[in-house]
Amino acid sequence: MFKKHRLSIIAVSLLAVFASAAVQARKDDMDVDRLTNSLNQLAADPNLGIYAQADQALARDAINQLTQAGSRQRPHALYIAQRRVDQARAEAQLQASQRQLNQLDQENAQLQLERSRIDATAAQQQLDIQRMQYQIAQQETMRLQAQGQEAADQAAQAKAEAEQARKLAAAQSKVAAAARRQADLAAKAAKALRSQMQDQSAPSGNSGGGK
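Keep in mind that this is a model prediction, so the values were computed, not measured.

## A closer look at the environment of Arg 83
1) Next: Along the chain, Arg 83 turns up in helix α3 (residues 74-200).
2) Next: For the pair Arg 83 and Ala 59, spaced 24 residues apart in the sequence, the C-alpha separation amounts to 8.0 Å.

What follows is the structure in structure tokens.
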């Protein structure tokens, strides 16, 4: 009876050990599954999966070592596998961010180049406008100068014509004065002639009757 009871105790203990081992095995399998799923999700991520390939390979190797680790090495192997998976995700995110940053830098450089081209085109257009304005101003200056010269020529011609008219008027005045003098002389001569004629036609009997 005592031996049977002892066997029962041993059997229960063995069952407990087996059950604990099964529970631990299931827990071990859960850790492996969790890390494997996390790593598989990272590899399948369309935005991150292409990055950190070396870190993903190290993480997968660490998971394989976890599956082969004994009970005494398992905690350390689990820690290493967890860190490897976390590092692979962090490195993938870092590389993706760096890729995006590089793309932004390239886009910014392209925008700066395009802006420089636009500024250069605008400067050239402004220079062309200023050149045209200068040419128009030159043409306007030449036109005003020509108008000024024409006005000066017209003024000089008017002055010359006025001087010529003045001289003509002076000459005409002299001619008129000479004509008046000639008329006066003629009038005086005519008067003198009439007086002489009157003297000659006076009756001569006055002198004979006296005899």
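## With respect to the nonpolar core
1) Next: With 17 residues, the main nonpolar core has Leu 35, Leu 42, Ile 63, Leu 66, Ala 81 and Ala 92 as its most contacted residues.
2) Next: Sort the elements by how many residues they give to this core and α3 lands first, with six residues.
3) Next: Contact partners of Ile 63, with chain neighbours within four places excluded, come to Val 32, Leu 35, Thr 36, Leu 39, Ala 81 and Val 85.

## Some words on the pattern of salt bridges
1) Next: Considering all chains together, one arrives at seven salt bridges under this definition.
2) Next: For Asp 128, the salt bridge goes to Arg 131, with nearest N and O atoms at 3.0 Å. Within this pair, Asp 128 and its partner Arg 131 are both found in helix α3, separated by three residues, close to a single helical turn.
3) Next: Judged by relative accessible area, Arg 131 falls into the partly exposed class, the value being 40%.
4) Next: Two residues, Arg 143 and Glu 140, come together in a salt bridge whose shortest N-O distance is 2.3 Å. Within this pair, Arg 143 and its partner Glu 140 are both found in helix α3, separated by three residues, close to a single helical turn.
5) Next: Salt bridges linked by common partners bring Asp 31, Arg 34 and Arg 74 together as one network.

## Section: α3
Each turn of an α-helix holds 3.6 residues, which means side chains three or four residues apart point in the same direction.
1) Next: In this model α3 runs 184 Å from its N-terminal to its C-terminal C-alpha over 127 residues, within 8% of the 189 Å that 1.5 Å per residue would give.
2) Next: For α3, the full list of buried residues reads Arg 74, Ala 77, Ala 81, Gln 82, Val 85, Ala 88, Ala 92, Ala 96 and Ala 177.

## A few points about the packing of helix α2 (residues 53-68) against α3
1) Next: Interaxial distance between α2 and α3 falls to 8 Å at its minimum, and their mutual angle equals 160 degrees. Taken together, the axis directions place α2 and α3 in an arrangement best described as roughly antiparallel. Crossing geometry of α2 relative to α3 is assigned as left-handed. When α2 is examined against α3, the residues Asp 55, Gln 56, Leu 58, Ala 59, Ala 62, Ile 63 and Leu 66 are found in contact with a partner set consisting of Arg 74, Ala 77, Leu 78, Ile 80, Ala 81, Arg 84, Val 85, Gln 87, Ala 88 and Glu 91.
2) Next: Tallied by class, the residues present in the contact of α2 with α3 amount to 11 nonpolar, two polar and four charged.

Quick notes on the rules
- Residues numbered from 1 in each chain as written.
- Predicted model: local features only at pLDDT ≥ 70, side-chain atom pairs only at ≥ 80, totals over all residues.
- Heavy atoms only, no water.
- Helix = DSSP H or I, 4+ residues; strand = E, 2+ residues; numbered from the N terminus.
- Core = buried A, V, L, I, M, F, W, Y, C linked by side-chain atoms within 4.5 Å.
- Buried < 20%, exposed > 50% of the residue type's maximum accessible area, 1.4 Å probe, protein only.
- Contact = heavy atoms within 4.5 Å.
- Salt bridge = Lys/Arg side-chain N within 4 Å of Asp/Glu carboxyl O.
- Expected span 1.5 Å × (residues − 1).
- Axes fitted to C-alpha atoms, helices over the stretch in contact; angles between N-to-C directions.
- Parallel < 35°, antiparallel > 145°, perpendicular 65-115°, else oblique.
- Left-handed = near helix turned anticlockwise from the far one by under 90°.
- Nonpolar A, V, L, I, M, F, W, Y, C, P; charged D, E, K, R; others polar.

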